[in-house]
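Okay, here's what each chain looks like letter by letter:
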Amino acid sequence: MTTQPVDSTDLWAGLPTLDEPPAAVWEDPVPLAGPRKLAPFPTASLPKWLREFAAAVAEETQTPVDLAGCIALSVLATAAGGRAVVQVRGHWREPTNLYVVVSLPPANRKSAVFGLLTDPLYEAEQQLRTLTQPAIVEAEMTARLAKEAADKATAKAASASADERDQLVATAIALAQTAESVSVPAKPQLLADDTTAETVTSRMAEQGGRISVMSAEGDIFDIIAGRYSGKPNMGVFLKGHAGDRLKVDRQTREEYIEHPALTMGLCVQPQVLDDIGRQDGFKGRGLLGRFLYSVPESLVGRRKIEPEPIPEQVMETYRRHVLDLTLFLAEWTDPALIQLTPEAVAALKAFQARVEPMLEARGGIMGQIGDWGGKLVGATARMAALLHLAEHLTKGHMVPVAEATMRDAIALAEYFISHSLAAFDSMGADRIVERARTVLETLYANGWREVSKRDLMVKLSRSEFRTANDLDPVLALLEDHGYVRAQAVQRTGGRGRPPSPRYLIHPRLTDPTA
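Residues numbered from 1 in each chain as written. Predicted model: local features only at pLDDT ≥ 70, side-chain atom pairs only at ≥ 80, totals over all residues. Heavy atoms only, no water.

### With respect to the overall build of the protein chain
Convention followed: Counting from the N terminus, the helices are the DSSP runs of H or I reaching at least four residues and the strands are the DSSP runs of E reaching at least two. Each residue gets one of three labels from its accessible area relative to the maximum for its type: buried under 20%, exposed over 50%, partly exposed in between, using a 1.4 Å probe on protein chains only. The method behind every accessible area is Shrake-Rupley, applied with a 1.4 Å probe, and residues are considered shielded solely by the protein chains displayed.
Across its full length, the protein chain carries 16 helices and twelve strands. Evaluated residue by residue, the protein chain yields a buried proportion of 47% over its 514 residues. Accessible surface, the protein chain: about 25,600 Å² in total, of which carbon and sulfur atoms supply 51%.

In structure tokens:
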């Protein structure tokens, strides 16, 4: 629609004089978001063996395939996180751990799906423990003998005569240093059961910098927000995603992790996402921008009574491939470097070029979740590396990621865009939009061309806008979308209540033809 000049004399009557004259032309306002259209999970993006198992799990459990598909990505990230990195371009590298959360109501058999997907990880963990047990026993015995020798030498030096003491003390010191240097390897662990921030940090430090938290419950968000400790504790969860150095230096413990790699695969009830949006501990910290969100439609009430069971061959293939990938990568101390083909790099750059305008604060579909959207291209590279490893298993480091694999990862990223927008709506963005619609209706009903914030509060329901501060994010959203323009108000310098902020209103709200 073509915009028209408006009568600036009427429009600006009674307003304070500004340093610069306002623009006389209004652009078309950007519509407020309506109900989200959720993309179906792109099962075709998964390698054949993983795609077949996710579909079979969804059929047998009568759950959305989104749940099995998303948890399958977390399983791959558990196997590869901390053991593989992807070279994007230049000095840009991404680790291969992921944070994934699926939101589903109760009675959706989440635990059953988690069990089927994660069983091979627990089997791999047990096999790793069996393989390392002899080395652990030997190290424990060596440490015990070294300590006993040092203790005996210390006792002997303490009771020695003066002419023998110096030599015996030197021997005791040398034996004590030897005992101190003996390191006993920790038992291999892939998944953490206890998910406090302190325990996650300790497990990562023990396990060469990586651990995975997989849960069908949402308690982890309560722990992160500090509901039980009294204050948020997000450091390990922020740095564990990005791979930033993590150092803990306290009286009770000292831990240092050069490149932490934490994976999280969670399934929570929708109420958990609603609650997160109300918890101050999560606001402005950047943690929520690190998750890939899925909010599929529940099948409860439409489920088959006698679904098809998972074919034995499909289950065995899944088990064997997860074991092979996990055990192979567990041997890497320096991470395996995953390269991209030039065609894959070009595909990712083209996707980045499409994503960038979506992040624009005014008008971009991800403008309200820029923190999340700004990490999407990196997450896409991570998913491409995981899909590549799942396709090639023990040979993924020997061949670069193909363009087709990158396009599969981009399809997953596009899926997560639509679902993450809906998730952030549940975490608060939808409430602001709904309030913005209320304000628009009030502006339209009163026919104002300009209004003060104070006068607007008089017309609004105090049950929805208890204080003037509740109106601030709504007016900011309406200004971002071009419905109103904040005006500079000059202070008179006198005593009394300061002038209320004033806003010009888009002419279309009083004249639909404008």
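### What about the sheet that holds strand β11 (residues 484–487)?
Sheet strands pair via backbone hydrogen bonds, and the direction of the pair is either parallel or antiparallel. In plain terms, the rule: Note on pairing: DSSP must find at least two bridges between two strands before they are called paired. Structural elements are reduced to axes, namely lines fitted to C-alpha atoms, with helices fitted over the stretch in contact, and the angle between N-to-C directions of any two is expressed from 0 to 180 degrees. Contacts were defined at the residue level, with two residues in contact if any of their heavy atoms lie within 4.5 Å.
Strand order in this open sheet of three strands is β10-β12-β11, and the pairing throughout is antiparallel. Edge strands, defined here as strands with exactly one partner in the open sheet, are β10 (450–452) and β11. Each adjacent strand pair in this sheet contributes to an overall mean axis angle of 25°, direction not counted. Pairing of β10 with strand β12 (residues 502–505) involves three bridges; the strand directions are antiparallel. Bridge pairing links V451 to Y503 in β12. Here helix α16 (residues 472–480) sits on the sheet in contact with β11 and β12, set at roughly 115° to β11.

### Quick word on the side chain of R290
Counted only if it meets this: Charge assignment in this entry is limited to Lys and Arg as positive and Asp and Glu as negative, and neither His nor the chain termini are counted. When a carboxyl oxygen of Asp or Glu is within 4 Å of a side-chain nitrogen of Lys or Arg, the pair counts as a salt bridge. For this analysis, a polar contact is any N or O atom pair within 3.5 Å, provided that within protein one partner can donate a hydrogen and the other can accept it, and provided that sequence-adjacent residues contribute only side-chain to side-chain pairs.
Relative to the assigned elements, R290 resides in the loop between α9 (270–276) and β8 (292–294). Buried and without a salt bridge, R290 has D371 as its closest oppositely charged side chain, separated by 5.2 Å. A distance of 3.3 Å separates a polar atom in the side chain of R290 from the backbone oxygen of L238. Setting aside its immediate chain neighbours within four residues, R290 contacts Y99, F237, L238, H241 and K375.

### Re the packing of aromatic side chains
Convention followed: Two rings belonging to Phe, Tyr or Trp (six-membered ring only in the last case) form a pair when the distance between their centres is within 6.5 Å. Interplanar angles under 30 degrees mark stacking, angles over 60 mark edge-to-face geometry, and anything in between is tilted.
This model, assessed by the stated rule, comprises eight aromatic pairs. Seen in terms of ring centroids, F41 and Y415 are 5.1 Å apart; in terms of plane orientation they differ by 80°. Their pairing is edge-to-face. Of the two residues, F41 is situated in the loop between α1 (8–11) and α2 (48–61) and Y415 in helix α14 (residues 403–446); the sequence distance between them amounts to 374 residues. On the basis of relative accessibility, which here comes to 7%, the residue F41 falls in the buried class. A residue is classified by how much of its surface remains accessible, and Y415, at 1% relative accessible area, is buried. Between Y99 and F291 the ring centres are 5.2 Å apart and the planes differ by 45°, which places this aromatic pair in the tilted class. Of the two residues, Y99 sits in strand β3 (residues 99–103) while F291 sits in the loop between α9 and β8, which places them 192 residues apart along the sequence.

### Brief notes about the nonpolar core
Generally speaking, a soluble globular protein has its nonpolar side chains buried in company with each other. Filter applied, for reference: For our purposes a nonpolar core is just a set of buried Ala, Val, Leu, Ile, Met, Phe, Trp, Tyr and Cys residues, chained together by side-chain atoms within 4.5 Å.
With 113 residues, the main nonpolar core has L117, F237, Y293 and W372 as its most contacted residues. For this core, the element with the most residues is α14, which contributes 13 residues. In contact with Y293, other than residues within four places in its own chain, are V101, L273, L288, W372, F416, H419, S420, A423, F424 and M427. Counting residues in hydrophobic clusters, the runner-up holds 22 residues, among them W448, F465, L477 and V484.

### Here's the deal with the sheet that holds strand β4 (residues 210–215)
The strand order across the open sheet formed by four strands is β4-β7-β3-β8, and the pairing between neighbours is parallel. A strand with exactly one partner marks an edge of an open sheet, and here the two such strands are β4 and β8. If you compare each strand with its neighbour and ignore which way they point, the axes differ by 5° on average. In terms of strand pairing, β3 meets strand β7 (residues 261–268) through five bridges, oriented parallel.

### Examining the pattern of salt bridges
According to the stated counting rule, one finds 15 salt bridges in the structure shown. Where E59 meets K304, a salt bridge forms, and the shortest distance between an N and an O atom there is 3.3 Å. With E59 in helix α2 and K304 in the loop between β8 and α10 (312–330), this pair connects stretches of sequence that are 245 residues apart. Overall, E59 belongs to the partly exposed group, its relative accessible area being 21%. Note on K304: relative accessible area 47%, which makes it partly exposed. Here D371 ties to K375 by a salt bridge, and the two come within 2.6 Å at their closest N and O atoms. Members of the salt-bridge network, linked through shared partners, are E123, E316 and R319.

### Quick notes on unusual backbone geometry
Even without being a glycine, Q62 presents a positive backbone phi close to 55°. Structurally, the position occupied by Q62 is in the loop between α2 and α3 (65–80). For Q62, a relative accessible area of 7% gives the class buried. Within the chain, R109 stands out as a residue other than glycine whose phi angle is a positive 55°. Mapped onto the elements, R109 comes out in the loop between β3 and α4 (110–158).

### Some remarks on the state of the cysteines
When the sulfur atoms of two cysteines share a covalent bond, that bond is a disulfide. What counts is decided by this rule: Any two cysteine sulfur atoms lying within 2.5 Å of each other are counted as a disulfide.
Per the stated rule, a full pass over the model turns up zero disulfides. C70 takes part in no disulfide bond, and the closest cysteine sulfur, belonging to C267, lies 9.3 Å away.

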